[in-house]
Structure formats: structure tokens, C-alpha cells
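Observations on the three-dimensional arrangement
If you want the building blocks of each chain, they are given just below.
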Amino acid sequence: MTQTQNDQRLDHAAEPGAVSTNGAAARFARLRVPFNQNTSLLIALAVLVTIIGVQAPEFFGSANLRTIGTTIAIAGVLAVAQTIVIIIGGLDISVGSITGLTSVTCAMVFTSAGGPFPGLLSALAAGLACGLVNGLIIVYGRVNPVIATLATLAAYKGIAQLISDGRAQGYVGADPIFIFIARGSIAGIPTLIWVFALIAVAAHVLLKYTDIGRNLYAIGGNDKAARLAGVNLNRYIIAAYCLTGAVAGFAGILLTAKTGSGQPVSGSEGLELYSITAAALGGCAMQGGRGTIPGTVLALVLLGVLENGLNILGVNSFWQNVAKGTLLVAAVVIQQRRSGERRIGLPR
Amino acid sequence: MLRLRGLSKSFAGLPALRDVSIDCNPGEVLALMGENGAGKSTLLKILAGEHVPDSGTVELDNEPLPLGSPTKARRAGIRIISQEPEIIRDVSVAENIFVGNVSTGGGRRFDRKRLTAAAHEHLRRLGLDGLLQPEARGQDLSPAQRQLVEIARALVDTPKVLALDEPTSSLTDREADALFTLVRQLRDSGVAVIYVSHRMAEIFQLADRIAVLRDGALVGERSTAATAEHEVVRLMVGRDLSGMFVREHAADERVVLTLEDVTTDDVSGISLQVRAGEVVGLAGLVGAGRSELARAVFGDVPLRAGRVLVDGQPIELRSPRDAINAGIGLAPEERKADALLLERSVRDNASLAVLDRLSRFRFVRRGAERELVEGLATRLRVRTPSIEHEVRKLSGGNQQKTVLVRWLARKPKVLILDEPTRGVDVGAKAEIYATIDALAAEGVAVLVVSSELPEVLGLSDRIVVMQNGRITGELTRGEATEERVLALAMADHLTGAS
Ligand SMILES: Nc1ncnc2c1ncn2[C@@H]1O[C@H](COP(=O)(O)OP(=O)(O)OP(=O)(O)O)[C@@H](O)[C@H]1O
Ligand SMILES: [Mg+2]
């Protein structure tokens with residue numbers, strides 16, 4: 001460590017006023033694994049897995065790992081979408097309701113059209129439409145995203161209950177496509193996990209490697225600056241909510257397949273909070289501009305393992321909630337302390 | 001007497017201050033100079049209790065000063081006027097001034113009338129009345145007025161030590177003169193003043209002694225009477241700088257930017273042309289409408305009437321995006337609020353306006369991006385350990401340069417620079433001037449808004465002077481003198497017309 005510091009000092013002194021990216025310090029900085037949010041999540045995960053594994057070796061069984069994967073898949077899809085909205089400085093509380101609404105839509109269209117594909121497409125279209133409405137309300141109605149999606153959370157839930165009469169709708173459990181989604185697997189990995197993984201990878205690539213992703217981070221970091229650099233704010237914000245809605249449509253499809261029918265409310269309630277929890281635990285800053293998909297995915301795994309492990313160990317579910325809450329607070333406190341913010345007034 | 005001994009401070013292993021020892025006596029103005037990133041603000045922040053030094057001590061009147069506590073520093077009589085003024089947007093100037101000093105009202109009750117009256121009285125005592133209205137709201141203030149609020153706030157009672165971090169960088173001459181008078185008064189009443197600035201002229205007017213920092217270390221202390229500008233510059237940059245301004249290239253005949261009767265809420269009937277390779281300076285006092293005009297041309301402020309043409313083609317300006325697509329670039333006046341993503345790297349910030357060009361099938365070509373940004377950052381001498389460094393951690397001047405890199409990368413046909421050298425050190429100023437000259441030589445039409453008269457005079461082929469949202473005159477490089485520009489900038493005041 002002293003060696004590096006010396007290097008850095010020399011480097012800094014050697015080329016005053018110049019960008020010294022070729023220096024030893026910079027090379028080292030690129031090589032060094034940053035001790036960031038993801039590292040602490042990994043450590044927490046390792047600790048948790050060790051504790052659970054020692055007490056209950058069946059935790060490592062492939063059946064159990066599959067269970068963990070399929071439980072987090074639906075919430076995971078939503079958390080990925082949530083990450084994108086939080087990065088632009090927004091929030092989407094309505095994702096759970098959209099999931100319910102699209103689930104009902106999917107099952108009902110399936111029943112009336114008599115085929116799986118109209119059902120799948122209608123779910124995505126309904127999700128997209130819900131997201132579009134969110135985006136339009138926020139951008140053109142000038143409504144704070146929390147309030148706007150709080151309102152549509154209620155409204156979409158209401159619509160789902162209205163069209164379904166408040167009951168589970170349709171039966172898709174006999175259709176081979178839905179059976180494949182719910183219980184099939186490719187290369188030994190369940191389809192549910194594949195869908196989640198593909199969505200996560202696509203979102204990661206979008207955020208990390210494309211100009212769209214850069215602009216999304218820019219909007220969350222400083223929307224005024226982004227606008228003055230030529231980013232079309234309105235279009236990006238609306239698109240981000242549309243994307244979230246469409247992804248919630250995927251979650252609706254997964255939910256329908258998993259439960260065998262369209263669930264207006266019961267299968268999706270609370271998923272919005274779960275998705276926000278995962279994003280926050282994964283390092284998203286609520287004011288926007290910060291957060292990554294790998295972080296969110298790690299957080300999801302951590303939450304899934306925690307829940308599953310406590311189940312295996314026979315801890316009752318009330319305690320599980322307490323444990324989840326504690327984990328979130330601990331993670332965020334660690335994150336804030338590492339960022340070196342001074343402890344004065346309200347946190348940023 | 002203020003005594004700093006052996007102060008050192010590193011950020012993540014990179015030293016910002018190395019073993020600095022300086023004294024500052026009551027009744028003395030000590031100027032602190034140095035390039036961007038030399039450690040001046042870091043030193044003041046240690047005094048203010050915002051940063052804790054890694055080693056070293058501070059003594060005030062032979063008492064050790066507890067370090068790392070803003071409240072204790074304040075109680076000991078130290079006041080720092082920081083580089084970036086903190087303003088509460090939704091309350092009045094009076095409340096902004098007295099925030100944290102509740103002693104003005106009776107008990108806990110909030111008495112707005114009395115507070116406003118107290119603010120009037122306070123501003124009058126400081127000689128800042130007429131420049132600042134106590135009733136105005138924080139969000140309506142110009143950068144200059146914000147700076148004045150910050151100053152008024154620090155001087156609610158008389159301090160023992162007053163440190164000012166680039167107080168004049170957003171002020172025009174009138175406000176700056178008021179500030180100088182004030183600083184002299186304070187000095188004469190026995191305050192120890194530390195004064196950070198990049199403006200040589202005012203340092204030599206104001207300071208008794210000059211201390212120069214380079215790369216965090218104190219490299220020299222001179223009495224102002226016994227030194228000269230070029231010596232101070234040499235201490236700062238470690239080499240001689242000759243000829244700040246270069247304007248070599250004659251402009252083309254081809255007109256690139258045309259404004260026809262441009263009118264917004266705050267400016268009216270502005271018509272002007274900028275030719276390829278020409279540098280036009282926009283001079284005027286604060287509030288003359290220069291920044292507003294710049295933003296209007298850039299599509300950020302809606303036009304009420306008139307039109308903007310680039311290469312003879314009228315452009316429809318609905319947003320800055322339209323302006324950028326038409327080939328216009330703007331480096332705005334307030335870098336932190338309007339230009340920078342503080343949490344992101346120099347690279348991300350610099351490439352933001354060229355991502356479309358750097359991308360293939362929407363994928364950003366990282367190698368090309370790195371090469372572009374690194375090249376330009378080196379050319380402008382952005383001092384950062386690497387282009388992956390967060391912009392928040394750079395010194396003020398280097399943040400400004402990062403904004404310039406963004407627009408150099410875009411290579412616009414028309415570049416509008418609003419106060420491009422605010423807070424930038426002499427060496428880097430020379431770089432920026434040379435860059436502007438080089439851009440002009442490449443055929444870019446450049447419009448520079450600047451409140452520093454020597455800069456406008458040295459840089460521009462033509463100077464357009466504004467007052468109250470209108471153009472009051474135009475001078476060619478040959479005709480322009482400080483007096484003539486000022487006369488036009490204050491045309492109304494001089495003729496007594498309004
Ligand atoms: N909070 C911080 N975190 C990391 N590095 C910092 C931080 N604040 C300052 N630095 C670094 O310390 C060095 C000195 O910065 P400082 O702000 O004191 O410069 P300065 O002399 O005031 O420059 P300027 O004239 O541009 O304002 C710079 O290299 C800067 O990048
Ligand atoms: Mg500074």
C-alpha cells in the first residue's frame with residue numbers, strides 16, 4: 001500500500017497539470033478491485049451462505065437452488081425495471097399493480113382468443129400502455145413520480161379487479177407454452193430463471209454500453225445539464241416508464257404461468273416494495289444517477305437466500321421480515337459511510 | 001494572529017496540501033495564489049473546519065484552533081466565503097443573510113419586517129446597498145448577487161479572520177469595487193484577510209503579501225511591493241508565460257451565426273452576426289441580458305420574436321437539442337448547476353454531448369471515447385489523476401475545463417462560451433485563450449460572454465456591448481478600450497436618460 005501511495009505521489013508531481021493516466025497509479029487504479037457496494041453484498045452473501053449451509057447442508061441441493069431462483073425471478077424482473085427508473089431519478093410504485101393487471105389481461109385474452117400468443121402479446125401491450133400513462137402523467141402533468149405512480153398503483157389495481165371481477169381468471173395451466181414457462185427448463189436451468197437472466201443482461205448492456213444508458217445516468221445525475229448537452233429529457237423519461245411497464249408485463253406473464261391463471265391482485269401485491277428494496281440494497285441512489293444491474297441482481301440473490309435459508313432453518317416469517325429490514329438498513333448505512341458523507345442534517 | 005503550521009492533507013492518497021506553514025497578521029491582506037488544484041480551497045476548508053488535515057496545527061492568537069468543526073471555527077472568529085455560494089432558493093435575501101443568526105428578532109418569533117430592516121441596515125454598512133435588495137428571493141439572484149449574499153452573511157458580526165475564495169470570479173467591476181472597499185475597511189479595522197483569486201490586477205491592488213502554492217506546497221511568499229506579476233506567475237506555473245492573448249487569424253467573410261431581432265422576456269431586438277473564424281465578445285454589466293441571450297440562441301429560453309440562422313438556414317429552436325443539431329454549443333455560466341454530472345467521471349462528463357457520434361449501433365466505442373477525452377483533457381491541462389476520476393473531486397477551475405472539453409469534443413460550428421475562464425488560473429486561462437484562437441482558426445464562430453474586460457478586449461475581434469437587454473453599441477478590436485466598452489455598458493446611467 002505504501003508503495004502505491006508513493007507511486008501516486010511521484011506520478012502526481014512528475015506531470016503537474018497533465019492528465020497522468022499512463023502513470024503507475026492509474027494503472028493500479030484500473031486493476032484494483034474496488035471495494036464498493038457489490039463487494040460488500042458479496043461478502044454478506046458469503047457469510048449468509050456459510051451460516052445457512054453449515055446448519056442445513058440441504059441448502060446446497062440443486063432442487064433448493066432452483067427454488068431460490070424461481071422465487072426471485074418475478075420480483076427480480078421488476079427490480080431490474082425499477083433500477084432503470086431509479087437511475088433517472090424517478091420511482092415506479094405501480095409495477096406490482098401493472099403485474100396484476102397484465103396477468104389478468106394475459107389469462108383472459110388467452111381464454112377468449114384460444115391461444116397463448118395473443119395472451120402473451122396483450123400482456124406486454126397492456127404493460128407498455130400502463131407505463132406510457134405513468135410517463136405522460138409525470139412529464140406532462142408535472143406530477144412527482146412517487147405521487148403519480150402511487151395514484152396509478154391504486155387505479156391499475158382497480159382496473160384489474162374490475163375486469164376480473166376480483167377473481168382469478170382463465171386457466172392457462174394446460175397450455176404447453178405456459179407449462180414450459182412455469183416448469184420447463186433449458187440446459188437444466190428453469191425457464192423462469194432464463195427469462196429473468198435475459199432481461200437483466202439486456203438491461204445491463206443497455207445501461208452500461210450504450211449511449212442510451214449514459215444518457216439515463218446523466219438525467220438522474222443532473223437533468224438540467226443533460227438537457228443542455230442535448231438529451232431529450234421528456235422522451236427518455238417517458239421511454240423509461242414505458243420500458244418499466246413492458247417489463248412488468250413480462251412479470252405478469254411469469255406470474256400467470258406460475259399460478260396457472262390470471263391473478264388480479266394476490267400474486268403481485270407487495271412486489272413494488274420488494275423491487276425498491278432490492279434496488280436500494282443493490283446500491284441505487286434514490287435521488288438518481290447511481291445504481292447498477294449487477295448490484296440489484298446481487299441484492300436479489302441475497303434477499304432470496306435470506307428468505308430461503310430462514311425457511312429451511314424454520315424461522316417464522318415474521319422474523320424473516322425483521323431480518324430483511326435489518327439487512328436493508330445495514331447495507332445502506334454501510335454504503336453511506338463509505339461514501340464519506342458528513343453526518344449532518346438530512347442525508348443526500 | 002493566525003498561524004498555520006505544517007498542514008498536510010491527502011484525498012485518497014493524492015496529496016492536496018503538503019506541509020504548508022503560513023502566518024496572517026491582523027490588519028493584513030494575504031493573497032493566496034496558485035494554479036487550479038494547487039490546494040487553495042483545501043487550505044481554506046481546513047480553516048473553516050470542513051476538512052480535517054492529516055497533520056499540522058492552526059493557532060489563532062496563540063490559542064490552538066480545534067480542527068474539523070465548522071461551529072468551533074466560526075465561534076473562534078473565522079469566516080470563510082466559499083467558492084460556490086450556498087443560497088436558500090425559496091427565502092428572501094434578508095433571511096439568507098441572517099440564517100443561523102437568529103439574534104435579530106425578539107425571542108423565537110419571526111419578524112419579517114424587522115429582519116428586512118436589519119438587512120437593509122447591514123447592507124448599507126457594508127456598502128453593498130443598491131447592489132442587492134433584501135426582499136429579493138434566493139432563486140432570482142444572479143451569480144454575482146449570490147456571492148454578495150454570501151459575503152454579507154459572513155460579515156453579520158466582525159470576524160477576526162476573513163478568508164475569501166475567489167470572491168470576484170462572478171462579480172463585475174462595480175460589485176468588485178464595492179467588495180474591495182469593504183475588504184480594505186475590514187483590514188484597517190484589524191481583521192486578518194486571506195484572499196484567494198486568479199486575477200492578478202486585483203491582487204496587486206489589494207494584497208499586502210502574496211503566498212503561492214504549487215502542487216499543494218508553499219513555493220514562495222512575497223511582499224506585494226517587492227514583487228511583480230511575472231514573478232508571481234513564474235512561481236505559480238513554474239515557467240514564464242509570455243503573451244496571454246493570441247489573435248492571429250483573420251475571420252472569413254462567410255457568416256455562420258445570424259441573429260435577427262431576437263427577443264425573449266429579458267432581451268429585445270438583438271441582431272448580430274458572427275462570421276466563420278471570428279471571435280465576438282459580448283460585454284455588459286451583470287443583468288444586461290448576455291447570458292439570457294446565449295441561452296435563447298441555444299434553445300433553452302423560448303424566443304418571443306426573431307429568428308436564429310446558422311449558415312444562412314433558419315433553425316427551429318424548441319430545445320437545446322435543436323441548437324446542438326444545428327451546430328451550436330454552449331458552455332453555460334453556472335457549471336455546477338447547469339453543466340456537470342458531479343458524481344460521474346471526467347470521461348462521462350466530457351463525452352456527454354458527443355455520445356451519438358462516438359456510438360455505433362448505439363454502443364459507445366470506449367476506445368475512441370477514451371482517446372478523444374484524454375487528448376482534449378491533456379490539451380486543456382485538466383488536472384486529474386485519471387479521466388475516470390469523479391468530477392466532484394476536481395478543483396473548481398478543472399471542473400470548468402471539463403465543461404470546455406465537452407464542447408471541444410463536439411466541434412460545433414458556433415461555440416458560445418459564457419464566462420469561460422471563471423475561476424481558472426492564469427496558466428490555464430492562457431491555454432483556454434489559445435484554444436479559442438485555435439478554434440477560430442479552424443473556422444468556428446465564437447461568441448464569448450465575459451465580465452472581465454481585459455479578457456473581452458484581448459480575445460475578441462469585435463465587441464458587442466449590451467445593456468438592459470439591448471445592444472448599445474459595437475466596437476472593433478482596434479477601436480475598443482476599457483473606457484469605451486464601459487461607456488456603452490452604462491450608456492443609460494451616463495446620459496441620465498432613464
Ligand atoms: N473532496 C475531495 N475529494 C478528493 N479530492 C479532492 C477533494 N477536494 C479537493 N480535492 C483535490 O485536491 C486538490 C486541491 O484542490 P483545491 O480545491 O484545494 O484546489 P484550488 O487551489 O482551490 O483550485 P481552484 O483554483 O481550481 O479552485 C485537487 O487536486 C483536487 O482534485
Ligand atoms: Mg478553489
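Everything below is about the structure shown above.
Model, not experiment: these values are computed from the prediction.

1. What to know about the environment of B:Thr481
Residue and element names in this part refer to chain B. Within the fold, Thr 481 resides in the loop between strand S22 (470-476) and helix H18 (482-489). Residue Thr 481 is classed as partly exposed on the basis of its relative accessible area of 32%. Remark: the alpha-carbon pair of Thr 481 and Ser 359, spanning 122 residues in sequence, is separated by 47 Å.

2. With respect to the pattern of salt bridges
A full pass over the atoms with the stated rule returns 48 salt bridges over all chains. Salt-bridge contacts for B:Arg79 lead to B:Asp157; the nearest nitrogen and oxygen are separated by 3.0 Å. On the criterion of sequence distance, the pair formed by B:Arg79 in strand S6 (residues 78-81) and B:Asp157 in the loop between helix H5 (143-154) and strand S7 (161-165) is long-range, its members being 78 residues apart. The exposure class assigned to B:Arg79 is buried, which follows from its relative accessible area of 6%. Several salt bridges converge on common partners, so that one network encompasses A:Arg214, B:Arg344, B:Arg347, B:Asp348, B:Glu369, B:Arg370, B:Glu374 and B:Glu388.

3. Some words on the site of ligand 1
All names here are of chain B. Taken together, 18 residues form the shell around ligand 1, and within it Gly 37, Ser 41, Thr 42, Lys 393 and Ser 395 come nearest. Take Gly 39: an N or O atom from its main chain is 2.9 Å from an oxygen atom of ligand 1. His 198 places a side-chain nitrogen or oxygen 2.8 Å from an oxygen atom of ligand 1. Within the complex, the protein chains bury 86% of what would otherwise be the 640 Å² of accessible surface of ligand 1. No other element matches the three residues that helix H1 (residues 40-47) contributes to the shell around ligand 1. When its residues are assigned to classes, the shell around ligand 1 shows four nonpolar, ten polar and four charged. Residue-level mapping places the shell around ligand 1 at the junction of two domains, with at least three residues from each of domain 1 (2-87 + 141-236) and domain 2 (243-489).

4. Observations regarding the sheet that holds strand S3 (residues 28-34) of chain B
All names here are of chain B. What the six strands build is an open sheet, ordered S6-S7-S8-S3-S9-S10; its pairing is mixed. Strands with a single pairing partner mark the edges of an open sheet, and in this sheet they are S6 and strand S10 (217-223). Within this sheet the neighbouring strands show an average axis-to-axis angle of 15°, counted without direction. Pairing analysis gives six bridges linking strand S9 (residues 209-214) to S10, with the strands arranged antiparallel. Note that in S10 the partner of Ala 211 across the bridge is Glu 221. Sitting on the sheet, H1 touches S3, S6, S7, strand S8 (192-196) and S9, and the angle it makes with S3 is about 135°.

How each quantity is defined
- Residues numbered from 1 in each chain as written.
- Chains lettered and ligands numbered in written order.
- Predicted model: local features only at pLDDT ≥ 70, side-chain atom pairs only at ≥ 80, totals over all residues.
- Heavy atoms only, no water.
- Helix = DSSP H or I, 4+ residues; strand = E, 2+ residues; numbered from the N terminus.
- Buried < 20%, exposed > 50% of the residue type's maximum accessible area, 1.4 Å probe, protein only.
- Salt bridge = Lys/Arg side-chain N within 4 Å of Asp/Glu carboxyl O.
- Near = heavy atom within 4 Å.
- Polar contact = N/O pair within 3.5 Å; in protein donor to acceptor, adjacent residues only side chain to side chain.
- Areas by Shrake-Rupley, 256 points an atom, 1.4 Å probe, with all protein chains shown as cover.
- Nonpolar A, V, L, I, M, F, W, Y, C, P; charged D, E, K, R; others polar.
- Domains from an automatic or database assignment.
- Pairing = 2+ DSSP bridges.
- Axes fitted to C-alpha atoms, helices over the stretch in contact; angles between N-to-C directions.
- Contact = heavy atoms within 4.5 Å.

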